[in-house]
Amino acid sequence: MWVQGYYPVYRVGSPTPANLPWSKLTYLAYFNLAPTSTGGVANTSNGNLLTNMASVVNTAHANNVKVLVTIGGAGAATDATWRSAISSTYRATFVSSIVTYISDNNLDGVDLDWEPFDTESDGTNFATFVSNLRDSLPADKKITMFIAIQPAWKRTLCNTIKVNIDRFGLSTYDLSYGQTNTMHDAPLYDLSSQPDGASADAAATAFIAAGVTSSKIMIAVPFYTANWPGATGLYTSAGAFDP
């Protein structure tokens, strides 16, 4: 079983590494670094991962949990920065930066999270980057990838690169974002009152239909709620969505 939790650097103090529910996890994604336009990796405004890196990694390993480092995340880097990092000019440097960071910090792999990743034509360079990264990492190091469930070209891309990715994390949460009617934020199954296809089941089914190996699919579950101030019930008009 593969159960992956995310541990943002800004949450390291509460809970501390010693107080994480290690028995519930097999992988921990330590969040987050960002790519640089010249192929480096850097801390974000969230904080310096190295400050508590040894504590996080050593505690995880003592509990038989592997640690990945997340590169990316919402707002971590622009599409232009990602596009430059994976370009033919800087791709080798970017791959080397990731491999070195993993080796230097006794990590077990990397979690890739390019957001928003909205341009289909970027897929070709991304696929080449992932292939080069897989070839450059030791065989026991893992690569996971967080991916939005729409549009359809992202499913096609995942099928293309599946041989080099150990797990795909489908963004099956925040499905209520921007809705004026109250609804489930991360529904497991389609409901008539939900927007079409907005469920974990629908997303997983679509990725499998596109050719992605079912055993490589993870569904993402949020540990927070969506908010509609003044709402009177589920599936009712509530006006503005307040994240």
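You'll find the structure just up there.
Residues numbered from 1 in each chain as written. Predicted model: local features only at pLDDT ≥ 70, side-chain atom pairs only at ≥ 80, totals over all residues. Heavy atoms only, no water.

Draft legend 1. Quick look at the overall build of the chain. Within the chain, the secondary structure is distributed over six helices and eight strands. A compact globule built from 243 residues should have a C-alpha radius of gyration of about 18 Å, and the chain, at 18 Å, falls within 12% of that. Taking all 243 residues of the chain together, 47% fall into the buried category. Put simply, of all contacts in the chain between residues at least 6 apart along the chain, 68% involve residues at least 24 apart. When the accessible surface of the chain is summed, it comes to about 11,400 Å², and 51% of that surface belongs to carbon and sulfur atoms. Charge centroids of the chain, computed over 13 positive and 18 negative side chains, lie 8 Å from each other. (Helix = DSSP H or I, 4+ residues; strand = E, 2+ residues; numbered from the N terminus. Rg over C-alpha atoms; globule rule 2.2 N^0.38 Å. Buried < 20%, exposed > 50% of the residue type's maximum accessible area, 1.4 Å probe, protein only. Contact = heavy atoms within 4.5 Å. Areas by Shrake-Rupley, 256 points an atom, 1.4 Å probe, with all protein chains shown as cover. Lys, Arg positive; Asp, Glu negative; His and termini not counted. Charge placed at Lys NZ, Arg CZ, Asp CG, Glu CD.)

Draft legend 2. The environment of Val99, seen in detail. Inspection of the secondary structure assignment puts Val99 in helix α3 (residues 91–104). Considered as a pair, Val99 and Asn164 are 65 residues apart in the sequence and their alpha carbons are 15 Å apart. What Val99 contacts, discounting residues up to four positions off in sequence, is Leu133, Ser136 and Leu137.

Draft legend 3. Fine view of the environment of Thr119. Position of Thr119 relative to the elements: it lies in the loop between β5 (109–113) and α4 (123–136). Distance in space between the C-alpha atoms of Thr119 and Lys154 is 9.7 Å, their sequence separation being 35 residues. In contact with Thr119, other than residues within four places in its own chain, are Arg83 and Trp153.

Draft legend 4. Expanded view of the pairing of strand β6 (residues 142–147). When you tally the buried positions in β6, you get five out of six residues, the bulk of the element. In the sheet, β5 pairs with β6 via four bridges, with the strands oriented parallel. Each residue of the ladder has a partner; that of Leu112, found in β6, is Met145. For the segment spanning β5, α4 and β6, crossover handedness is right-handed. Of the pairings in the sheet, the one linking β6 to strand β7 (residues 167–170) comprises four bridges and is parallel in character. Bridge pairing in β7 links Thr144 to Arg167. (Pairing = 2+ DSSP bridges. Right-handed = clockwise from strand over helix to strand, strands pointing away.)

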